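# Inside the fold
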Amino acid sequence: MAEAKITKRSEDYSRWYTDVIAAAELADYAPVKGCMIIRPNGYAIWEKMQQALDGMFKETGHQNAYFPLFIPESFLQKEAEHVEGFAPEVAVVTHAGGSKLEEPLIIRPTSETIIWNTYRNWIQSYRDLPLLINQWCNVVRWEMRTRLFLRTTEFLWQEGHTAHATYEDAEEEALRMLGVYRRFAEEYIAVPVIEGIKTDSEKFAGAHHTYSIEALMGDGKALQAGTSHHLAQNFAKAFDVTFQTETGRREYVYATSWGLTTRMIGALIMTHGDDNGIVIPPKLATIQVVVVPIFRKPEERERVMQAVDKFTAGFKAAGIGFKVDARDQYSPGYKFNDWEKHGVPLRIEVGPKDLDKNQVVLARRDNGQKTPASQDGLDRTVREMLETIQKSLFDRAVEFREKHSYRIDDYSKFNEILDGEGGFLWSHWCGSGECEERIKDETKATIRNIPNESKPEEGKCIKCGTPSRRRVIFARAY
Ligand SMILES: [Zn+2]
């Protein structure tokens, strides 16, 4: 195994990020620029994310389906804003099977068009609504500047596409799924997020309005962690999807779509990682506990392994994900370091001296704390410890975000903070696209969202001084 050195986070955040991914063997660059190879350790995190989210989707009444990767180019043209937004990043297939295609095919950048073309046949009456479908798949968006997990040309995601009888039903769904994303981000990834609505310039191409959850990363930049769109009747009109109401009228269907991607692995790294590498929240760790037996002589080995076998049988019964690292060719010190780089939340050290005291030593990945624990009832102790780690990762992230959130009423402070430690700037905004654009040009900060939790408050637009009723969040973003 190659010794991977991790650049200090404070020294060069961007190199640190890349080093952490390499050290934990999460992903590799691919031969095609901007693409990414997700290695088993990275994919294991994605699988855990999928399981958790998929369960929540099904609990809220959704079913999975699968639609094709290729979409006739003409479909994209049908919704004006949609084509304008996506055309620049679409990959097009012009040749296949040795000849030029009659109609070029686009590789899906998102699936609204092909799905709404299909829904036309599936939806006839109000009895067919709501239609609640999700798909797990890959999409392709030709990006110029890419970074592993955060922005890649091809990425994995889920996309929900639902159809409803009324505007209100669709609104309820869009907010429900935003809530699901929030719960998922906070309870599983231990990343606190702010729910809110996007400004018109930042909404999804083709949406009536877009909601997002926004998180603050360790370098003070924001990350859009998930989006939920109310599409109103835009796609139903573009694809002529109507239904017969209870009173016998024909009406266009209302829609939502919502997506969350593999960039959440990037969010996980940038929220919890430290100079020793990634820290995986216990709920997303396949290996939650690594056991490192310590011994010199063969008879010690036998005694230690006996104890290990006994308490790991308890782990197995309790559903705790564990691994015993009994590799002979590596020292305990090497192993500690190795598992730290791989982000395993909890390590158990056990040697002959511990056996004499009927104990083991627990070492937490999140804060380095070491505590002895009795071998009796160790599965319960470990389970509680994992819960504590999960919670303290979240609490620490909340604390970091609060420390880097500012109420700013003086525009001259903007760049000062953004060029320094960065963070969320809660400021007044008049609602004009012009002010938004100028602030973006001058500071590279965008309005992340207009938070649902932002209370009415009289103020003046940070840029033009026009009266404003509430604060929005500005930040530089990934
Ligand atoms: Zn203004």
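Report on the accompanying structure. (Residues numbered from 1 in each chain as written. Predicted model: local features only at pLDDT ≥ 70, side-chain atom pairs only at ≥ 80, totals over all residues. Heavy atoms only, no water.)

The full count for this structure, using the stated rule, is 33 salt bridges. The closest approach of N and O atoms between Lys297 and Glu300, which form a salt bridge, is 3.8 Å. For Glu300, a relative accessible area of 18% gives the class buried. Put simply, Glu457 and Arg471 hold a salt bridge, and the shortest N to O gap is 2.9 Å. Of this pair, Glu457 sits in the loop between strand S22 (446-451) and strand S23 (459-460) while Arg471 sits in strand S25 (residues 471-475), and the two are 14 residues apart along the sequence. For Glu457, a relative accessible area of 24% translates into the label partly exposed. Because the salt bridges share partners, they merge into one network encompassing Asp325, Arg327, Lys335 and Asp338. (Salt bridge = Lys/Arg side-chain N within 4 Å of Asp/Glu carboxyl O. Buried < 20%, exposed > 50% of the residue type's maximum accessible area, 1.4 Å probe, protein only. Helix = DSSP H or I, 4+ residues; strand = E, 2+ residues; numbered from the N terminus.)

Next up on the list: the nonpolar core. Of all hydrophobic cores here, the largest spans 52 residues; its most connected members are Met49, Phe149, Ile269 and Ile278. Looking at this core, the elements with two or more residues in it are helix H1 (13-23), helix H2 (40-59), helix H6 (167-187), strand S10 (209-216), strand S11 (222-232), strand S14 (254-261) and helix H8 (263-272). Discounting chain neighbours no more than four positions away, the residues touching Ile269 are Trp16, Tyr17, Val20, Ile21, Leu26, Phe149 and Ile278. With 28 residues, the next largest nonpolar core counts Phe75, Tyr119, Ala205 and Phe235 among its residues. (Core = buried A, V, L, I, M, F, W, Y, C linked by side-chain atoms within 4.5 Å. Contact = heavy atoms within 4.5 Å.)

A word on the coordination of the zinc ion. Taken together, Cys430 (SG), Cys435 (SG), Cys461 (SG) and Cys464 (SG) make up the protein donors of the zinc ion, found 2.2 to 2.4 Å from the metal. Taken together, the 4 donor atoms coordinating the zinc ion and their angles of 103 to 117° define a geometry best described as tetrahedral. (Donors = N, O, S within 2.8 Å, 3.2 Å for Na, K, Ca; no water. Tetrahedral: all angles 85-135°; square planar, octahedral: opposite > 155°, others 65-115°.)

Below, the discussion takes up the side chain of His229. Considering the arrangement of structural elements, one finds His229 in strand S11. Among the polar contacts made by the side chain of His229, one reaches the side chain of Thr210 at a distance of 2.8 Å. Among the polar contacts made by the side chain of His229, one reaches the side chain of Thr227 at a distance of 3.5 Å. (Polar contact = N/O pair within 3.5 Å; in protein donor to acceptor, adjacent residues only side chain to side chain.)

Next up on the list: the packing of aromatic side chains. Under the definition given, this model contains 18 aromatic pairs. Relative to Trp258, the ring of Tyr181 has its centre 6.5 Å away and its plane inclined at 70°; by these criteria the two rings are edge-to-face. Of this pair, Tyr181 sits in helix H6 while Trp258 sits in strand S14, and the two are 77 residues apart along the sequence. The pair Tyr181 / Trp258 is uniform in exposure class, with both members buried. When the ring of Tyr330 is compared with that of Tyr334, the centres are 4.4 Å apart and the planes differ by 10°; the resulting orientation is stacked. Directly above the aromatic system of Trp16 lies the positively charged group of Arg9, at a separation of 5.7 Å from the ring centroid. Over the ring of Tyr188 we find Lys283; its NZ or CZ atom is 4.9 Å from the centre of that ring. (Phe/Tyr/Trp six-rings, centres within 6.5 Å; stacked < 30°, edge-to-face > 60°. Lys NZ or Arg CZ within 6 Å of the ring centre and 35° of its normal.)

The strand order S16-S15-S17-S18-S19 describes an open sheet built from 5 strands, whose pairing is mixed. Edge positions in the open sheet fall to strand S16 (322-324) and strand S19 (370-374), since each of these has one partner strand only. In this sheet, neighbouring strand axes are inclined to one another by 25° on average, regardless of whether the strands run parallel or antiparallel. Judged from the 5 bridges that link them, strand S15 (residues 289-293) and strand S17 (residues 346-350) form a sheet pairing that is parallel. Across the sheet, residue Pro293 finds its bridge partner in S17, namely Val350. (Pairing = 2+ DSSP bridges. Axes fitted to C-alpha atoms, helices over the stretch in contact; angles between N-to-C directions.)

Attention shifts here to the layout of surface pockets. In this model, the largest pocket occupies a volume close to 1600 Å³. Elements supplying a minimum of two residues to the lining of the largest pocket: helix H4 (80-86), strand S8 (154-164), S11, S14, helix H14 (433-443) and S22. Here the lining of the largest pocket is composed, by residue class, of 13 nonpolar, 16 polar and 19 charged. (1 Å grid on protein atoms, 1.4 Å probe; cavity = no way out; pocket = protein on both sides within 12 Å on 5 of 7 lines; lining within 4 Å. Points joined across faces, edges and corners; volume = space filled by probe spheres on them. Nonpolar A, V, L, I, M, F, W, Y, C, P; charged D, E, K, R; others polar.)

With that settled, consider the pairing of strand S6 (residues 99-107). Summarising the sheet, strand S4 (residues 70-72) and S6 pair through 3 bridges and their orientation is antiparallel. The residue of S6 that forms the bridge with Pro72 is Leu105. As paired elements, strand S5 (residues 92-96) and S6 share 4 bridges and run antiparallel to each other. Within S6, the residue paired with Ala96 across the bridge is Ser99. Where S5 folds back on S6, the antiparallel hairpin that results is connected by 2 residues, among which Gly97 adopts a positive phi of roughly 60°.

The linkage connecting Leu129 with the following residue, Pro130, adopts the cis geometry, with an omega of -5°. Take Pro130: it is sitting in the loop between helix H5 (112-122) and strand S7 (131-140). Residue Lys444 is not a glycine yet carries a positive backbone phi of 65°. Looking at where Lys444 falls in the secondary structure, it is placed in the loop between H14 and S22. You can call Lys444 exposed: its relative accessible area is 61%.

The terminal C-alpha atoms of H2 lie 28 Å apart, and with 20 residues this matches the ideal 28 Å at 1.5 Å per residue to within 8%. Gly42, Ala44, Ile45, Trp46, Met49, Gln50, Ala52, Leu53, Asp54, Met56 and Phe57 are the residues of H2 that are buried. Backbone geometry just after H2 places Gly61 at a positive phi near 90°. (Expected span 1.5 Å × (residues − 1).)

A word on the packing of helix H13 (residues 412-419) against H14. Their axes nearest at 10 Å, the elements H13 and H14 cross at an angle of 45°. Relative to H14, the element H13 lies oblique. Viewed along their axes, H13 and H14 form a crossing whose handedness is right-handed. Of the residues in H14, those in contact with Phe414, Asn415 and Leu418 of H13 are Ile439, Glu442 and Thr443. For the contact of H13 with H14, the per-class residue count stands at 3 nonpolar, 2 polar and 1 charged. (Parallel < 35°, antiparallel > 145°, perpendicular 65-115°, else oblique. Left-handed = near helix turned anticlockwise from the far one by under 90°.)

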